[in-house]
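The chain contents come next:
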Amino acid sequence: MKQLHLFILKSYLGPFILTFFISLFVLLLQFLWKYIDDIVGKGLEWHIIAELLLYTSATLVPMALPLAILLSSIMTFGSLGENYELVALKAAGISLQKIMFPLVILSIMISVLAFFFTNNVMPRANLKFNALLYDIQNKKPQLSIKEGIFNQDIEGFSIKIGRKDNVKNVMYDMMIYDHRNNSGNKTVTIAQSGTMNMSKDRHYLVMTLQNGCTYEEQNDKEKQKYEKTLPHQRQKFEEQRVLLDLSGLKFTRSNENLFNNNFQMFTIKQLNRAMDSLKKYFDERRAAFVDGFIKSTILKKVQDSPDMESAEMPARNPTDSNAISPIKIKKITSASKDTFSKVTPININVDSLYKSLKVSQRQQIADYAANLARSVKTYVNAASNDFDFKTKNLLRHEIEWHRKFTLSFACLVLFFIGAPLGAIIRKGGLGMPMVISVVFFIIYYVISITGEKFVREEVISPLAGMWLSSFILLPLGVFLTYKAANESVLMNPALYISSMKQFFSKKPKKQNENTTTNK
């Protein structure tokens, strides 16, 4: 049995390693296609690009690993079935479960390693990847001066050339505006030709200009008040050298601590700590909102309202239920929950009270009520937006917490789909297994993305949304394993073709019988 297990493991490890790196390479090409505009044309050194690709590859491992397990398991068992090795093993009394046993143990080990990778390595890789990508995106493009277009890549200068000779590295009809003083186009240099060379430390650009002239307007603020034209200086030269600072074009690395507050950079412990803090702050904020809402509406102090001390209510007739006894309305100097609870309720006819007031007092009450309603609405809307933001932030942390488990569990689920599928279809190589694995992986990915979106939109809980793909695909894996163990012809196209032929061949016979009976 040990020899059989070693044979199965050797048959599986080769396709697994191959498909893993193929999947990783395909996903890496997708990343390059997405961020190619941020990388090309900025003069980045090769080790910076290699470092970015390394961090990108680490972040793509959780997606490439399930696909590699699915594809390699289909290829392995498909090849065993195509070469009739599965048939020989089953004829020897070895069941499919025993054949799959070493690979099940290996898949469990891979799932455990995948969990430790997503929990410990991926947060660090995400941190370095986001920091490096931010620095690359914010780096200015490499200096490239085109003909007839002003170039402003060098800070403080605007350069334009008429034409350039790439063979001799000479530029003609050069025009350079100096904006370092932030005073407009008051200093300009025009030259018939010139060359550009980098300094040895590559920190400066040395421009050697030939046969030109420099014009500089005098910045006299007193003369600008009463004169339309100002004097200027003109300096002719046969050769002039201009030193331009290229520090703005250099690639600088940001501090990684600026990016470590994102939930994608957290481990399980850090996510638990962050979620506890968010829940505690959310509860405190909600309690403060309720208390503030009560104090600003229900228990709002009357001294903030219009003065109505002199308002009297009409006398109450004992037979009239709508009338009330005369009451003087006094100001309440201190209103709180305790005093509010001690106040005895009084039956007040609001309409009668409102009609008994003067017109000016009615207008004051209406304005005060409208202002109070608007302020309460603004307060509630602001609090609602704040609660929505904090709720979504908490959901993102919970999504990331579940993701560290679901990606590892998906490796095991997809193995139980791929291994029986390979035993059923009995096709090895990269043809049919590739097509089937891509279809199932797309199904898994679409379900995962849909569940995550439902969680973010607060349609379902994070537990149900993040484990939705596993809940759906796990019964499918059990079903396929059962069918493969019982020699099912589920994926045999000849069976479906023959059944279709029988189905369509029965219909004409029934029609002929009906015609004969009618005759």
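Treat the numbers as computed from the prediction; the structure is a model and nothing was measured.

(A) Representation of the overall build of the protein. Across its full length, the protein holds 13 helices and 5 strands. The burial tally for the protein puts 35% of its 519 residues in the buried class. Partitioning the intrachain contacts of the protein with sequence separation of at least 6 by distance along the chain shows that 68% fall at a separation of at least 24. For the protein, the accessible surface area stands at approximately 32,400 Å², while carbon and sulfur atoms represent 58% of it.

(B) Highlighting the packing of aromatic side chains. Counted by the stated rule, this structure contains 17 aromatic pairs. Here the aromatic rings of F31 and Y35 are separated by 5.0 Å at their centres, their planes lie at 45°, and the arrangement is tilted. Separated by 4 residues within a single helix, F31 and Y35 lie in helix α1 (residues 2-39), roughly one turn from each other. Note on F31: relative accessible area 8%, which makes it buried. Of the residues examined, Y35 reaches a relative accessible area of 17% and is grouped as buried. The interplanar angle of 20° and the centroid separation of 6.4 Å between the aromatic rings of F441 and Y445 together place this pair among those described as stacked. Of the two residues, F441 and Y445 are both situated in helix α10 (residues 432-456); the distance of 4 residues between them amounts to about one turn of the helix. Here the aromatic cluster, defined as three or more aromatic residues joined through ring pairs, consists of Y12, F16, F20, F21, F415 and F416.

(C) Representation of the pattern of salt bridges in the model. What the rule picks out here adds up to 6 salt bridges. With a closest N to O distance of 3.1 Å, R286 and D283 form a salt bridge. Residue R286 and its partner D283 are both found in helix α6 (residues 268-298); the two are separated by 3 residues, about one turn of the helix. When its relative accessible area of 42% is taken as the criterion, R286 is described as partly exposed. Salt-bridge contacts for R285 lead to D386; the nearest nitrogen and oxygen are separated by 3.1 Å. With R285 in helix α6 and D386 in helix α9 (residues 359-425), this residue pair connects regions lying 101 residues apart in the sequence. The exposure class assigned to R285 is partly exposed, which follows from its relative accessible area of 23%.

(D) Inspection of the environment of S111 at higher detail. Looking at the secondary structure, you find S111 in helix α4 (residues 96-137). Between the C-alpha atom of S111 and that of T406, which follows or precedes it by 295 residues, the distance is 9.9 Å. Ignoring sequence-local partners within four residues, the contact set of S111 consists of S408, C411 and L412.

(E) Quick peek at the confidence of the model for the protein. Summary statistics for the protein give a mean pLDDT of 77 and a share of 75% for residues scoring 70 or more. Taken element by element, the protein is modelled with least confidence in helix α7 (residues 337-342), mean pLDDT 49, and with most confidence in helix α11 (residues 462-466), mean pLDDT 90. Note on residues 302-337: pLDDT is under 50 here. Beyond four places in sequence and across chains, it has 57 contacts.

(F) Representation of the nonpolar core in the model. Core analysis: the biggest nonpolar cluster contains 60 residues, and L52, L65, I69, F77, F415 and I417 have the highest contact counts within it. Looking at which element gives the most residues to this core, the answer is helix α2 (residues 46-82), with 14 residues. Core analysis: the next-biggest nonpolar cluster, separate from the first, contains 15 residues, I145, M171, M207 and F237 among them.

(G) Up close: the packing of α9 against helix α12 (residues 468-485). Direction vectors running N to C along α9 and α12 enclose 30°, while the axes themselves pass 8 Å from each other. If you check the angle between α9 and α12, you find them roughly parallel. The two elements α9 and α12 meet at a crossing, and its hand is left-handed. Here F409, V413, L414, F416, I417, P420, L421, A423 and I424 of α9 come into contact with α12, specifically with S470, L473, L474, L476, G477, L480, T481, K483 and A484. Tallied by class, residues from the contact of α9 with α12 come to 14 nonpolar, 3 polar and 1 charged.

(H) Quick peek at a nonpolar patch on the surface. Together, F101, I105, I108, M109, V112 and F116 give the surface a local cluster of nonpolar side chains, amounting to about 550 Å² of exposed area. Classification of F101 by relative accessible area gives partly exposed; the value is 47%.

(I) Geometry of the packing of α2 against α10. Between α2 and α10, whose axes approach to 9 Å, the crossing angle comes to 145°. Between α2 and α10 the crossing geometry is right-handed. Along the contact surface, α2 presents M63, P66, L67, L70, L71, I74 and M75, while α10 presents P433, M434, I436, S437, F440, F441 and Y445. In terms of residue class, the contact of α2 with α10 is built from 13 nonpolar, 1 polar and no charged.

(J) Molecular detail of α1. With 38 residues, α1 extends 51 Å between its outermost C-alpha atoms, agreeing within 8% with the 56 Å of an ideal straight helix rising 1.5 Å per residue. Of all the bends in α1, the largest measures some 45° and sits at W33.

Thresholds applied
- Residues numbered from 1 in each chain as written.
- Predicted model: local features only at pLDDT ≥ 70, side-chain atom pairs only at ≥ 80, totals over all residues.
- Heavy atoms only, no water.
- Helix = DSSP H or I, 4+ residues; strand = E, 2+ residues; numbered from the N terminus.
- Buried < 20%, exposed > 50% of the residue type's maximum accessible area, 1.4 Å probe, protein only.
- Contact = heavy atoms within 4.5 Å.
- Areas by Shrake-Rupley, 256 points an atom, 1.4 Å probe, with all protein chains shown as cover.
- Phe/Tyr/Trp six-rings, centres within 6.5 Å; stacked < 30°, edge-to-face > 60°.
- Salt bridge = Lys/Arg side-chain N within 4 Å of Asp/Glu carboxyl O.
- pLDDT = per-residue confidence, 0-100.
- Core = buried A, V, L, I, M, F, W, Y, C linked by side-chain atoms within 4.5 Å.
- Axes fitted to C-alpha atoms, helices over the stretch in contact; angles between N-to-C directions.
- Parallel < 35°, antiparallel > 145°, perpendicular 65-115°, else oblique.
- Left-handed = near helix turned anticlockwise from the far one by under 90°.
- Nonpolar A, V, L, I, M, F, W, Y, C, P; charged D, E, K, R; others polar.
- Patch = residues over 30% accessible without salt bridge, like charges linked within 9 Å, V, L, I, M, F, W, Y side chains within 5 Å.
- Expected span 1.5 Å × (residues − 1).
- Bend = angle between axes of the 7 residues up to and from the residue.

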